[in-house]
Amino acid sequence: MTDKQKRIADVIAYFESWCPPSLAEKWDNVGLQVGTLDQAVSGVLTTLDVTEAVVDEAIMHNANLIIAHHPLLFAPPKKLDIDTPKGRVIQKLLKHDITVYAAHTNLDIVEGGVNDLMADALGLEQKRVFLPLGHQIFKKLIVFVPKTHEQNVKDALHTNGAGNVGNYEKVSFVSEGSGYFQPNAEAQPFIGQAGEIERVEEVRIEMLVPEENISKAVAAMIEAHPYEEVAYDVYPVEMKGKAYGLGRTGKLPSPMTLQELAQLVKQRYDVQHIRFTGDASASVETVAVLGGSGRDYIDQAMQQADVYITGDLTFHETQDAMLAGLCLIDPGHYAEKIMKQKVADYLQPAFTNVPIRVSQVNTDPFQAI
Ligand code: ZN
Ligand code: ZN
């Protein structure tokens, strides 16, 4: 299949293999917002927000898929009034067959997403999840395969996310043994004959499978397995995988003053202005960072870091935090625009013939003088 025939659904499936909607918070509204996944993709535009100017940009570049961080639709609309700004945006999208897809809290939470990008931009070391929401859950998959098909079945499992454990991929355990079966008259056995007990040299393949990959891994395994009836077991596993959640904490490569860190944040996040609070000459080393609005987590930040970097801070909360000795840096909510380039960079190598652009529209509602 050439890229010319690639569909929006293919782009989204690839995107979701990194950033699944299942990672999103329950209250969120991620995934398809407007349009269809079932059409050929002519181009992709990545953006923080979907405004009319962004839609115009997509039209200009003949991009029929917009991937945004902030959902276009959140509260269910009661009517689609095309005399409102949002109504006009939706009308324009539909008129031009443009699909909008949103990856919101799932893109904040996912490894390599908004929060990791913001932490990595500052060079944070010993990174951890700031606000863990849970842990990765595993299943144990065991399958019995004739020795001749061991590699085929393993390959099918690995390409579908089985055997991914922490920083290791393609993890498995294989032991040898004998499989016995007696096909009945209805069976169409790969090996053996109806009514006769058969003994086959088999291997038992064991893998840990992240819960979110188990269905597709099992489906691919059955597809690759030569037997009519595949013998396999799936067990729950008590052991917890990596924590996932919002925000990141870490250490700066070396201590610096709050003022220096504030400058670094401004430069690395490429924002027009930042606000900060605390003693500008104070030495800071441990950092908590949370993209978007993080003012609800000031208390947790105080327990884990010298300085908390987040957007949308308000007067009283900031004042309380300052009096309690926490340094705060507010780069604005718009600092999340860091996701635009990352999403484009992730998709481009897999869709080399599809133009994938980063929106140049500034959707920050604030200006500073
Ligand atoms: Zn976000
Ligand atoms: Zn946001």
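This report concerns the structure included in the present document.

What counts, and where the lines are drawn
Position numbers for residues count from 1 along each chain, tracking the sequence in the order it is written. All chains are assigned letters beginning at A, and all ligands numbers beginning at 1, according to the order in which they are written. Side-chain atom pairs in this predicted model are given and counted only at pLDDT of 80 or more, local residue features only at pLDDT of at least 70, and totals for whole chains, interfaces and linings cover all residues. Note that the side-chain values use all heavy atoms of the structure and ignore hydrogens as well as water. As a rule, N, O and S atoms within 2.8 Å of a metal are its donors, except that Na, K and Ca use 3.2 Å; water is not among the atoms, so sites may look incomplete. Only four donors with every angle between 85 and 135 degrees are called tetrahedral; only four or six donors with opposite donors over 155 degrees apart and all others between 65 and 115 are called square planar or octahedral, in that order; all others are irregular. Secondary structure follows DSSP: runs of H or I at least 4 residues long count as helices, runs of E at least 2 residues long count as strands, and numbering of each begins at the N terminus. Note on classification: 1.4 Å probe, protein chains only; a residue is buried when its accessible area is under 20% of the maximum for its type, exposed when over 50%, partly exposed between these limits. The nonpolar core is taken to be a set of buried Ala, Val, Leu, Ile, Met, Phe, Trp, Tyr and Cys residues, with the residues joined through side-chain atoms within 4.5 Å. Two residues qualify as a contact provided that any one of their heavy atoms is within 4.5 Å of a heavy atom in the partner residue.

Here we look at the coordination of the zinc ion (ligand 1)
Alright, step 1. The zinc ion (ligand 1) binds to the protein through His 69 (NE2), Asp 108 (OD), Asp 108 (OD) and Glu 336 (OE); the donor distances cover 1.8 to 2.7 Å.
Alright, step 2. Coordination at the zinc ion (ligand 1) is irregular, judged from the four donor atoms that bind it and the angles of 52 to 145° they form at the metal.
Alright, step 3. One chain supplies every donor to the zinc ion (ligand 1), and in sequence these donors are spaced H-x38-D-x227-E.
Alright, step 4. Taken as a pair, the zinc ion (ligand 1) and the zinc ion (ligand 2) lie 3.6 Å from each other and share Glu 336 as a ligand. In this pair, His 69 is assigned in the loop between β3 (65–68) and α3 (85–95) and Glu 336 in the loop between β12 (327–330) and α11 (339–347), connecting sequence segments 267 residues apart. The burial state of His 69 is the same as that of Glu 336; both residues are buried.

Details of the coordination of the zinc ion (ligand 2)
Alright, step 1. The coordination sphere of the zinc ion (ligand 2) contains the protein donors His 70 (NE2), His 333 (NE2) and Glu 336 (OE), at a distance range of 2.0 to 2.1 Å.
Alright, step 2. Mapped onto the sequence, the residues coordinating the zinc ion (ligand 2) show the spacing H-x262-H-x2-E.
Alright, step 3. The exposure class assigned to Glu 336 is buried, which follows from its relative accessible area of 2%.

Some thoughts on the nonpolar core
Alright, step 1. In this structure, Leu 107, Leu 261 and Tyr 269 are the most contacted members of the largest nonpolar core, which totals 64 residues.
Alright, step 2. If sequence neighbours within four positions are ignored, Leu 107 has contacts with Phe 15, Trp 18, Cys 19, His 69, Gly 113, Val 114, Met 339 and Val 343.
Alright, step 3. Counting residues in each nonpolar core, the second largest holds 17 residues, with Ala 63, Leu 72, Val 89 and Ile 90 among its members.

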